[in-house]
Amino acid sequence: MIIKNTNDGSANLPSLRIDINYGTCEELPDFSIGPKGDDREKHEAIAKAGFGGIQDGNPELCKEFNLQMTAHARVNKVGDLKDLLPVWKSLNYNCATVHLGWGMESDQEMDGLVNYIQESSLEYDFPIYIETHRATITQDMFRTVEMVKRFPEIRFNGDFSHWYTGQEMVYGGIENKWEFIAPVFDRVRFIHGRIGNPGSIQVDVNDEENLSYVEHFKEMWTKSFVGFLKTAQPGDYICFTVELLKSDIFYARTIKTENKGQQEEGDRWQQALLYKEIIKECWEKAVLV
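Residues numbered from 1 in each chain as written. Predicted model: local features only at pLDDT ≥ 70, side-chain atom pairs only at ≥ 80, totals over all residues. Heavy atoms only, no water.

Novice: What is the right way to read unusual backbone geometry from this model?
Specialist: What you tend to see is this: most non-glycine residues have negative phi, and most peptide bonds are trans. We note that aspartate 125 has phi near 50°; this positive angle belongs to a residue other than glycine. With respect to the secondary-structure elements, aspartate 125 resides in the loop between helix 4 (107-124) and strand 6 (128-131). Backbone geometry at glutamate 168 places phi at a positive 40°, although glycine is not the residue there. For glutamate 168, the location among the structural elements is in the loop between helix 6 (161-166) and helix 7 (174-180). (Helix = DSSP H or I, 4+ residues; strand = E, 2+ residues; numbered from the N terminus.)

Novice: In this structure, what is going on with the packing of helix 9 (residues 212-231) against helix 10 (residues 268-287)? I would like to understand it.
Specialist: Each pair of packed helices gets described by two things: the angle between the helix axes and the distance between those axes. Contact pair helix 9 / helix 10: the axes reach a minimum separation of 9 Å and the direction vectors enclose 50°. Here helix 9 lies oblique to helix 10, going by the angle between them. For the pair helix 9 and helix 10, the sense of crossing is right-handed. Taking contact as the criterion, the partners of Lys218, Glu219, Trp221, Thr222, Phe225, Val226, Phe228 and Leu229 in helix 9 are, on helix 10, Tyr275, Ile278, Ile279, Glu281, Cys282, Trp283, Lys285, Ala286 and Val287. Its residues assigned to classes, the contact of helix 9 with helix 10 comprises 12 nonpolar, one polar and four charged. (Axes fitted to C-alpha atoms, helices over the stretch in contact; angles between N-to-C directions. Parallel < 35°, antiparallel > 145°, perpendicular 65-115°, else oblique. Left-handed = near helix turned anticlockwise from the far one by under 90°. Contact = heavy atoms within 4.5 Å. Nonpolar A, V, L, I, M, F, W, Y, C, P; charged D, E, K, R; others polar.)

Novice: So what exactly am I meant to see when it comes to the side chain of threonine 97 here?
Specialist: Note that threonine 97 resides in strand 5 (residues 96-100). There is a polar contact of 3.0 Å between the side chain of threonine 97 and the side chain of glutamine 55. (Polar contact = N/O pair within 3.5 Å; in protein donor to acceptor, adjacent residues only side chain to side chain.)

Novice: Even after reading the chapter, I still don't get the packing of helix 4 against helix 5 (residues 141-150), so can you show me in this structure?
Specialist: Close contact between helix 4 and helix 5 brings their axes to 11 Å; oriented N to C, the two are set at 60°. Relative to helix 5, helix 4 is oriented oblique. Crossing hand, helix 4 versus helix 5: right-handed. Across the interface between the two elements, Asp107, Met110, Asp111 and Val114 from helix 4 touch Arg143, Met147 and Arg150 from helix 5. Residue composition of the contact of helix 4 with helix 5, grouped by class: three nonpolar, no polar and four charged.

Novice: Sorry, what's going on with helix 9 here?
Specialist: Residues spaced three or four apart along an α-helix face the same direction, because each turn holds 3.6 residues. Here helix 9 spans 30 Å end to end across 20 residues, near enough to the 28 Å set by a 1.5 Å rise per residue. When we look at burial in helix 9, the residues that qualify are Tyr213, Val214, His216, Phe217, Lys218, Met220, Trp221, Thr222, Ser224, Phe225, Gly227 and Phe228. (Expected span 1.5 Å × (residues − 1). Buried < 20%, exposed > 50% of the residue type's maximum accessible area, 1.4 Å probe, protein only.)

Novice: Can you help me understand the environment of isoleucine 191 in this one?
Specialist: Within the secondary structure layout, isoleucine 191 lies in strand 8 (residues 188-193). Its relative accessible area of 0% is what places isoleucine 191 among the buried residues. It is 8.5 Å that separates the C-alpha atoms of isoleucine 191 and phenylalanine 160, two residues lying 31 residues apart in sequence.

Novice: For this particular structure, what's the right way to read the pairing of strand 9 (residues 236-242)?
Specialist: When a strand is regular, its side chains alternate between the sheet's two faces. Of all the seven residues making up strand 9, seven are buried; the element is thus mostly covered by neighbouring parts of the structure. Neither face of strand 9 is exposed, since Asp236, Ile238, Phe240 and Val242 on one face and Tyr237, Cys239 and Thr241 on the opposite face are all buried. Sheet analysis places strand 1 (residues 6-7) next to strand 9, joined by two bridges and oriented antiparallel. Residue asparagine 7 lies in a different strand from strand 9, and its bridge partner there is aspartate 236. Summarising the sheet, strand 2 (residues 15-21) and strand 9 pair through six bridges and their orientation is parallel. Directly across from arginine 17, in strand 9, lies its bridge partner cysteine 239. As defined by bridge partners, strand 8 adjoins strand 9 across four bridges and the pair is classed as parallel. Directly across from glycine 193, in strand 9, lies its bridge partner valine 242. (Pairing = 2+ DSSP bridges.)

Below, the structure is given as C-alpha cells:
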C-alpha cells in the first residue's frame, strides 16, 4: 500500500513544482508588496508570480488562472476524511497533506491512524502525505523513524521547521540528526517551505547572508529531493509549497516600530519569491547527485 507520488500523466522526467500555501497571502502587512485585496487579486498575483499551484486555494479561481490545487486537513480519528476525499477527487486536487493525531497517542493508536491514511489513499487512488508537524504523531523524530520501520510505504510532507526548532536539531550536531532521519528524507513527496532558526520557527532571510540555519534547510530540502528522485517515474513531480504564516498565529516574528507598535519583521510575499529561487538551486543540486 505505497502512497503514490503526484503524477501529471506525462512521460516527462520527474520534476519540481513550486506552489504556495494560501495562508502566505493572509493579512500581509501594509508595507508588503504582495496582494492585499480580495481572493481574485491574490490568485491572479500568485499566477503572475509564476507559482504552479495553491494549497487551500479557491477551486473556481484556480481553474480560471490555470493554477493546480492541493489540499490539507487535520485527522484526529479514523473516519475524519470520509467527507473530504470525495470532494478532493471530484475537484481534481493533486494530493493532500494531513496533520495526523495530537502526538499523545499510544503506538497502537498511532498505527491505527497511519493504517487509516494508507487505506484511504489506496481506496481513492489519491496521494495523502503525513506532515512532520508539532502537536501530531510526527512531532518527535524518534517516533517518526520508528513508525517508518512499521510502515515503510508511508510518504511525508516535510515541514522541517517543526523539528529544526522544536527539537533543536543543531544541539548535539545536526549531521547526526540528518543521518538518523534519512528514512524520512527518502519518503518526502511534498515540502512546506519555511525556514526557522534554533529558537524561532519562522524567520526572515535574505539572499546576501549564508546563515547556518538557511544552509541547513537547503541541505534538508536537497536531501528530500534526492530521496524523491531515487524512485521517481516519468510524470512524477514533487511540490515545494511556500508556507509563511502570519504573526497572529505566532509564526512570523514581530519587531517594535518607532511608534512602539509591533509589525512583522519582513514581507512574507517577498520571502516567498526568494524561496522560489532558493529551491530551484536545491533541485538543480539534487538532480546532479
